[in-house]
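Below are the chains, spelled out letter by letter.
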Amino acid sequence: MFAILLKFSSLPDRPQAKVIESETEAASSRSSALQYPQLVLGMIGIFVYVGVEVSTASNLPAYMEKNLGFMTKDIAPYISLYWASLMIGRWTGAVEAFTDNMNRQKILRFIAPYLAFGVFLFVNAVAKHDLTPFYVYALVILVLIVADMASKGNPARMLFIFSGLGILALLIGMATDGMISVYAFTSVGLFCSTLWPCIFTLAISGLGKHTSQGSSFLIMMIMGGGFISLLQGYIADVSTIHSSYIVGVLCFAYLAYYAYKVSKILKSQGIDFDQKVGGGH
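Here is what the cut-offs are and how they apply
- Each chain has its residues counted from 1, following the order in which its sequence is written.
- It should be noted that, the model being predicted, local features are given only for residues of pLDDT at least 70 and side-chain atom pairs only at 80 or more, the latter also being counted only at that level, while totals for whole chains, interfaces and linings use all residues.
- Heavy atoms throughout the structure, all of them, feed into the side-chain values; hydrogens and water do not.
- Remark: exposure states derive from per-residue accessible area (1.4 Å probe, protein chains only) relative to the maximum for the residue type, with buried under 20%, exposed over 50%, and partly exposed in between.
- Runs of E in the DSSP output that reach at least two residues are strands. Runs of H or I that reach at least four are helices, and both are numbered from the N terminus.
- pLDDT is defined as a per-residue confidence score from the predictor, taking values between 0 and 100.
- A contact between two residues is defined here by any heavy atoms of the two lying within 4.5 Å.
- All axes here are fitted lines through C-alpha atoms, helices being fitted over the stretch that makes contact, and every angle between N-to-C directions spans 0 to 180 degrees.
- An angle below 35 degrees is read as roughly parallel, one above 145 as roughly antiparallel, one from 65 to 115 as roughly perpendicular, and any other as oblique.
- The handedness criterion is simple: a crossing whose near helix is rotated anticlockwise from the far helix by less than a right angle is left-handed, and one whose near helix is rotated clockwise is right-handed.
- Charged means Asp, Glu, Lys or Arg here, nonpolar means Ala, Val, Leu, Ile, Met, Phe, Trp, Tyr, Cys or Pro, and polar covers whatever is left, Gly included.
- Helix span, expected: 1.5 Å multiplied by one less than the number of residues in the helix.
- The rule for a salt bridge is simple: a side-chain nitrogen of Lys or Arg has to be within 4 Å of a carboxyl oxygen of Asp or Glu.

**Q** What should I look at first to understand helix α10 (residues 195-204) in this one?
**A** Within an α-helix, residues lying three or four positions from one another point in the same direction, as the helix has 3.6 residues per turn. Buried residues of α10: L195, C198, I199, F200, L202 and A203, and no others. Residue G206 follows α10 closely and has a positive phi angle near 80 degrees.

This is the structure we're talking about:
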């Protein structure tokens with residue numbers, strides 16, 4: 001029904017994005033967004049990012065039930081913590097939208113994530129779940145805050161740091177058992193939380209008039225959530241759920257590589273995010 005309404009609506013078939021072209025873009029003869037390496041590599045980045053985000057959560061219930069002996073009814077709060085972790089990270093990354101004052105931003109970077117964590121605790125308290133196992137997660141959130149501050153607003157640096165933390169979290173989860181592994185796998189939600197805007201920003205930078213087309217290609221790559229989940233599920237079937245998380249490690253490894261590579265690509269095109277951040281943009 002919604003598709004029919006869109007079909008007969010007055011919306012244009014291909015809305016044109018208003019893009020201010022740089023001198024480099026104006027001099028470019030590229031006829032398609034796919035001729036920009038930052039976009040092509042970024043499309044793969046979105047594919048594996050959505051893949052590791054979805055597959056980590058999808059396999060966590062089976063791991064907790066089969067490997068750790070959890071009852072199905074007791075797993076729900078931990079899965080909700082994984083998705084709440086995405087909210088915690090995104091609230092942290094959104095503080096710049098509320099104030100331009102750097103001192104206030106520093107304060108909000110500590111308040112926002114714990115406020116979001118408080119929402120998670122409140123919801124689970126209303127659902128009458130035992131909150132005791134979750135208080136220690138406040139220490140993991142502190143790692144997120146430090147990493148966010150270390151990125152200094154540079155999307156490539158943030159992507160590299162958070163991808164590295166994602167690898168570390170998965171390796172810890174794979175190397176341990178019990179609740180440590182559960183917290184490690186759950187923290188992947190924290191480290192995935194800011195990756196979408198980082199990848200998207202880097203991939204469309206410098207595209208100029210091809211920005212709208214490039215954005216469409218990036219959105220298409222969310223299908224990685226289905227493919228990567230299937231791959232990890234297959235590996236879990238032929239080996240163990242524990243070892244299947246190597247798929248996520250490889251996904252984060254590519255994202256770290258993309259962060260490193262795209263910085264060089266963009267600098268060769270005259271785009272330097274350190275200068276933009278330093279200039280107050």
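**Q** In this structure, what is going on with the confidence of the model for the chain? I would like to understand it.
**A** If pLDDT is low for a region, its predicted coordinates should not be looked at in detail. For the chain, mean pLDDT is 87; residues scoring 70 or higher make up 87% of the total. Considering only residues more than four positions removed or in separate chains, one finds that residues 5-27, a stretch of pLDDT under 50, has 16 contacts.

**Q** Would you take a moment to explain the packing of helix α6 (residues 137-151) against helix α7 (residues 155-175) for this structure?
**A** Helix packing for two helices is described by the angle between their axes and how far apart those axes are. Where α6 meets α7, the axes come as close as 8 Å, and the angle between the chain directions of the two elements is 150 degrees. By the angle between their axes, α6 is roughly antiparallel relative to α7. The handedness of the crossing between α6 and α7 comes out as right-handed. Along its contact with α6, which presents V143, L144, A147, D148, A150 and S151, the element α7 presents R157, M158, I161, F162 and L165. Across the contact of α6 with α7, the residue classes break down as eight nonpolar, one polar and two charged.

**Q** Sorry, what's going on with the side chain of N59 here?
**A** By secondary structure assignment, the location of N59 is in helix α3 (residues 37-66). When near neighbours in sequence (up to four residues on either side) are disregarded, N59 contacts Q232, G233, I241 and Y245.

**Q** Help me understand unusual backbone geometry, please; the structure alone is not making it clear to me.
**A** Most peptide bonds take the trans form, and the phi angle of most residues other than glycine is negative. Phi is positive for K128, which is not a glycine, with a value near 65 degrees. Secondary-structure assignment places K128 in the loop between α5 (102-126) and α6. Even without being a glycine, K152 presents a positive backbone phi close to 55 degrees. Take K152: it is sitting in the loop between α6 and α7.

**Q** Would you take a moment to explain helix α4 (residues 72-93) for this structure?
**A** Counted at 1.5 Å a residue, the expected span for α4 with its 22 residues is 32 Å, and the 33 Å between its end C-alpha atoms agrees. Of the positions making up α4, those classed as buried are I75, P77, Y78, I79, L81, Y82, A84, S85, L86, I88, G89 and T92. Close packing links the buried residues of α4 with α3, α5, α6, α8 (178-186) and α9 (188-192).

**Q** Is there a simple way to explain the pattern of salt bridges in this structure?
**A** Inspection of every chain in the model, using the stated rule, returns three salt bridges. Among the ionic pairs, R90 bridges to E53, the shortest N-O distance being 3.7 Å. Remark: E53 occurs in helix α3 and R90 occurs in helix α4; sequence separation between them is 37 residues. Take R90: its relative accessible area is 39%, and that puts it in the partly exposed class. For E53, a relative accessible area of 11% puts it in the buried group.

**Q** Would you explain the environment of G42 in this entry?
**A** Tracing the sequence through the fold places G42 in helix α3. The spacing of G42 and Y258 is 216 residues in sequence and 7.4 Å in space, taken between C-alpha atoms. Apart from residues no more than four positions distant in its own chain, G42 is found in contact with I199, A203, L218 and Y258.

**Q** Help me understand the environment of G118, please; the structure alone is not making it clear to me.
**A** Relative to the helices and strands, G118 is located in helix α5. Looking at G118, the relative accessible area reads 29%, which means it is partly exposed. Between the C-alpha atoms of G118 and I88, which are 30 residues apart in sequence, the distance is 9.6 Å.

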